[in-house]
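Understanding the architecture of this molecule
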Amino acid sequence: MRSTRPLFKAAAAGVACAAMAFATACSSGGGTDQDADTYTWWDPYPQHAEDSDWAKRVAACGDAAGVTIERTPFDTTALTNQALLAAQEGTSPDVMLLDNPAVSTLADTGMLTTMDELGLDVSGVDENLLAAGVVDDQTYGIPVGANTLALYYNADVLTAAGVDPASVTDWASLTDALAKVTDNGAKGITFAGIGTEEGSFQFLPWFWGAGADLRQLDSPEAVAALELWTGWLDAGYAPDSVITNSQNTTWEEFLTGEYAFAVNGTWQVNSALDAGFNTGVIPLPAQNGGTAPAPTGGEFVIAPVQADTERYDVTRQIVECMTTPEGFVETATTFAYYIPPTAEGQTALLEAQPELQPWVDAVRGAKGRTSDNLGTDYPKISEALWTAVQNALSGSATPADALAQAQTDAAAATE
């Protein structure tokens with residue numbers, strides 16, 4: 001998940017194919033008049049123009065397969081909706097890149113080929129990263145890379161307060177560090193608690209780090225996680241702005257140099273280097289020590305069903321070009337915020353950029369939001385969760401009451 005573009009939302013009910021998603025499969029893509037030498041590609045990167053390094057990378061994969069790739073970028077949410085509509089109309093592209101929580105939504109309609117059907121081996125992909133593309137034991141895509149969250153710190157602020165970042169290993173030691181920093185006149189921690197998927201994305205490491213489960217939003221572990229956040233607000237360790245903070249605004253707060261810590265992602269690595277003060281990164285701590293599982297962000301490369309199955313051979317070659325160890329590293333360096341999803345790719349990346357070790361470690365411990373076979377239930381559960389976070393941060397409900405209501409709402413929505 002990156003804050004440079006809108007985040008995944010459930011496909012609108014009014015989209016034609018979405019309305020029938022659970023009743024029958026969508027139509028096969030591609031018509032009989034398809035150009036055998038042109039393959040269509042959709043991705044969620046409208047910020048990358050046709051002369052960008054990314055567009056050139058996509059084109060090069062077409063060249064390697066002996067075809068021309070016709071690339072069309074969409075906003076993330078628009079891409080999911082357009083993909084569902086295209087599947088109904090039989091005009092699906094040959095290849096798509098899709099935000100990972102949306103893969104299960106499209107797979108559930110029957111509009112995606114499995115990686116087995118395409119003849120692609122996914123055994124080398126880290127299981128925790130591949131999980132977002134697995135539905136009922138079938139794999140419907142391959143991550144082109146992954147990003148996740150960790151804890152950035154301002155080394156100058158910590159040094160002034162006498163805090164060693166290596167001492168932050170659990171919730172208690174982090175809260176102790178926040179107390180020392182604020183007692184020294186600086187600000188503590190900023191994070192994104194906004195009432196959108198970004199809010200859930202940022203809360204999940206604390207939720208999972210307490211041992212909570214998304215099928216039981218009102219568990220004692222879940223309450224403990226939300227009490228951690230509200231306790232920081234009550235103590236003045238976090239600003240009131242967290243309730244409306246996106247990941248972008250959180251980062252802008254951190255760049256003022258006033259905060260000791262900020263929860264943010266791999267995509268801020270280059271910005272942190274240019275911050276104007278000394279920065280570092282440590283894992284998000286679990287409640288009782290160790291690294292908390294953070295949610296995985298990033299896109300999957302997927303292949304919609306085509307009426308002309310002879311196209312799949314070239315599709316496989318294009319996907320392979322994106323998912324070799326070298327291909328993963330090239331994507332990582334092209335975007336500067338992706339970690340390869342295989343051990344081999346991660347090793348190659350670290351040989352070139354050893355300073356990314358904390359992020360490789362974070363990705364290795366990360367967890368897919370639709371993991372645990374949540375699939376299309378995840379967006380409904382997530383909305384209930386971020387609503388609870390909002391209610392607790394605003395003071396309109398206690399963490400326990402907010403999460404009790406969230407569990408009721410999530411259960412009703414996923415029946």
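Predicted, not measured: the structure shown is a model, and the values here were computed from it.

Computed from the structure, the largest pocket encloses a volume of approximately 360 Å³. Together, 21 residues line the largest pocket, and Val 269, Leu 273, Glu 355, Leu 356 and Trp 359 are the ones closest to its centre. Looking at the lining of the largest pocket, the elements that each hand over two or more residues are helix H12 (269–273), strand S10 (279–282), helix H14 (325–335) and helix H16 (357–364). At four residues, the largest contribution of residues to the lining of the largest pocket is made by H12.

Judged by how many residues are buried, strand S7 (residues 149–154) sits mostly within the fold: six of six residues are covered. Both S7 and strand S9 (residues 259–265) contribute to a ladder of five bridges, which runs antiparallel. When the bridges of S9 are listed, Leu 149 appears paired with Gly 265. As defined by bridge partners, S7 adjoins S10 across four bridges and the pair is classed as antiparallel. Looking at the pairing, Tyr 152 lines up with Val 281 of S10.

The phi dihedral of Asp 136 falls on the positive side, at around 50 degrees, and the residue is not glycine. Position of Asp 136 among the secondary structure elements: in the loop between strand S4 (134–135) and strand S5 (138–139). The phi dihedral of Asp 372 is positive, around 60 degrees, even though this residue is not glycine. Inspection of the secondary structure puts Asp 372 in the loop between H16 and helix H17 (378–394). For Asp 372, a relative accessible area of 52% translates into the label exposed.

Strands sit in the order S8-S9-S7-S10 across an open sheet of four strands; the sheet is mixed. Sheet topology places strand S8 (187–190) and S10 at the edges, where each strand pairs with a single neighbour. In this sheet, adjacent strand axes meet at a mean angle of 25 degrees when their direction is disregarded. Of the strands in this sheet, S7, S8 and S9 are in contact with helix H8 (residues 171–183), which crosses S8 at around 135 degrees. Taken strand by strand, H16 contacts S7, S9 and S10, and its axis lies near 150 degrees from that of S7.

Let us look at the confidence of the model for the chain. Summary statistics for the chain give a mean pLDDT of 90 and a share of 92% for residues scoring 70 or more. Across residues 2–25, confidence stays below pLDDT 50; counting only partners more than four residues off in sequence or on other chains, it has 62 contacts.

Criteria and cut-off values
Within every chain, residues take consecutive numbers counted from 1 along the sequence as written. Where totals are concerned, whole chains, interfaces and linings use all residues; where local detail is concerned, this predicted model gives features only for residues with pLDDT of at least 70, and gives and counts side-chain atom pairs only at 80 or more. Values reported for side chains reflect all heavy atoms of the structure, with hydrogen atoms and water molecules removed beforehand. Cavities and pockets were defined on a 1 Å grid built from protein atoms only: a cavity is a group of points that admits a 1.4 Å probe but offers it no way out, a pocket is an open group of points flanked by protein on both sides within 12 Å along at least five of seven lines, and a lining residue is one with an atom within 4 Å of any such point. Grid points are joined across faces, edges and corners, and a volume is the space filled by probe spheres set on the points. By definition, any uninterrupted DSSP run of H or I lasting at least four residues is a helix, any uninterrupted run of E lasting at least two residues is a strand, and each is numbered from the N terminus. Residue exposure (1.4 Å probe, protein chains only): buried if accessible area is under 20% of the type maximum, exposed if over 50%, otherwise partly exposed. The pairing criterion for strands is at least two bridges between them, as found by DSSP. All axes here are fitted lines through C-alpha atoms, helices being fitted over the stretch that makes contact, and every angle between N-to-C directions spans 0 to 180 degrees. Should any heavy atoms of two residues lie within 4.5 Å, those residues are considered in contact. The predictor's confidence in any single residue is recorded as pLDDT, a number from 0 to 100.

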